[in-house]
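Below, each chain spelled out in residue letters.
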Amino acid sequence: MKIYNKKDINYIIICSNIVKDVLLFIKKYIKPGISTGEINDICHDRIVNYHKAYPASLGYMNYPKSICTSINNVVCHGIPDYSCILKNGDIINIDIGIRKYNYYSDSSRMYFVGKPSVEAKKLCIITYKSIFYALNFLKFSRKISIIGCKIQEYVERYGYSVVRDYCGHGIGKNFHEFPQILHFKNNCNIFFRKGMVFTIEPMINIGCYKTIVMNDGWTVKTLDGSLSAQYEHTILITDKGYKILT
Ligand code: MF3
Ligand code: CO
């Protein structure tokens, strides 16, 4: 696993601030009637023309768009489309990775379209809280496996399940670096060390953890059709503990 120095970290912080800005900037557009294709174009314009950065997803393994937009039972990697129109009550994850000065940052969050159901809102809140619950247990005497173990412990209390098929990752000079950050019980036996940078990005389902990939080769849905939520942060290990960069 890479250990980043001060100079590297400054660049990763610049990238993280851009991702943060775009996720905040797009919020006012998330309303019934807008298409995910239009959301993609607004984010792309903000990334490229305002921030002079590059969307990391665009062209990544031939992915066709600049962001991922995953609605309701879509777990992740939903492809923005002009025919996909948001409607009242939807929950949508927008996932944005960017590159600038050859460094990367990656973050995603949920947005409510109009008024969500009580169960949808609760799923989003518990998913977000699971990241912070896990971070509470971060100590230099502990291994990376603690993250997944604690996220799983937290969400299963609510009867939710952790998606197994996708994970977080080291990030910095590359979009996806070693190691995989699993969000469920695992044996990743790397101790936390100052200068590590990685994402935590749990995908949490109301029903079963199993997923299915659609024929477009990207869109991942819950196998049982239940709602899914995801939040993602890029996190730096510091001498004091951790810092959420996004
Ligand atoms: N942003 C996703 C992640 O969290 C990766 C998306 S790859 C794409 O790692 F090609 F689907 F955009
Ligand atoms: Co990621």
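Starting from 1, residues in each chain are numbered consecutively following that chain's sequence as written. Each chain is given a letter, starting from A, and each ligand a number, starting from 1, according to the order in which they appear as written. The model is predicted, so local features are restricted to residues of pLDDT at least 70 and side-chain atom pairs to those at 80 or more, both for listing and for counting; the totals for chains, interfaces and linings are taken over all residues. Side-chain numbers come from the whole structure's heavy atoms, not from hydrogens or water.

Asker: Requested: an account of the packing of aromatic side chains, with residues and values cited.
Answerer: Note on ring pairs: Phe, Tyr and Trp rings are taken, using the six-membered ring of Trp, and paired if centres are within 6.5 Å. Classes follow the plane angle, with under 30 degrees stacked, over 60 edge-to-face and the rest tilted. Summed over all chains, the structure comprises 13 aromatic pairs. With 4.9 Å between their ring centres and 85° between their planes, Tyr 63 and Trp 218 make a pair best called edge-to-face. With Tyr 63 in the loop between strand E1 (54-55) and strand E2 (68-71) and Trp 218 in the loop between strand E11 (211-213) and strand E12 (220-222), this residue pair connects regions lying 155 residues apart in the sequence. An identical accessibility class is assigned to Tyr 63 and Trp 218; each is buried. Runs of E in the DSSP output that reach at least two residues are strands. Runs of H or I that reach at least four are helices, and both are numbered from the N terminus. Three labels apply to residues, based on accessible area from a 1.4 Å probe with only protein chains included: buried if under 20% of the type maximum, exposed if over 50%, partly exposed otherwise in between.

Asker: Account for the packing of helix H3 (residues 118-135) against helix H4 (residues 145-156), with residues named and values stated.
Answerer: To characterise two packed helices, one gives the angle between the axes of the helices and the distance between these axes. Viewed as axis vectors pointing N to C, H3 and H4 meet at an angle of 140°, and their least axial separation amounts to 8 Å. The orientation of H3 with respect to H4, classified from their angle, is oblique. In this structure, H3 crosses over H4, and the sense of that crossing is right-handed. Residues Ile 126, Lys 129, Ser 130, Tyr 133 and Ala 134 of H3 form the contact with H4, whose participating residues are Ile 147, Lys 150, Ile 151, Glu 153, Tyr 154 and Val 155. The convention used is that axes are lines fitted to C-alpha atoms, helices contributing only their stretch in contact, and that angles between N-to-C directions extend from 0 to 180 degrees. Should an angle fall under 35 degrees it is called roughly parallel, over 145 degrees roughly antiparallel, and 65 to 115 degrees roughly perpendicular, with every other angle called oblique. Should the near helix be turned counterclockwise from the far one by less than a right angle, the crossing is left-handed, whereas a clockwise turn marks it as right-handed. Contacts are assigned to residue pairs with any non-hydrogen atoms lying within 4.5 Å of each other.

Asker: If you had to explain the pattern of salt bridges to someone new, which residues and values would you point to?
Answerer: Salt bridge criterion: a side-chain nitrogen from Lys or Arg within 4 Å of a carboxyl oxygen from Asp or Glu. A full pass over the atoms with the stated rule returns six salt bridges. Note that Arg 46 and Asp 21 form a salt bridge whose closest N and O atoms lie 2.8 Å from each other. Taken together, the positions of Arg 46 in helix H2 (residues 36-50) and Asp 21 in helix H1 (residues 6-25) put the pair 25 residues apart, joining distant regions of the chain. Note on Asp 21: relative accessible area 22%, which makes it partly exposed. Within the structure, one salt-bridge network assembled from shared partners comprises Lys 150, Glu 153 and Arg 157.

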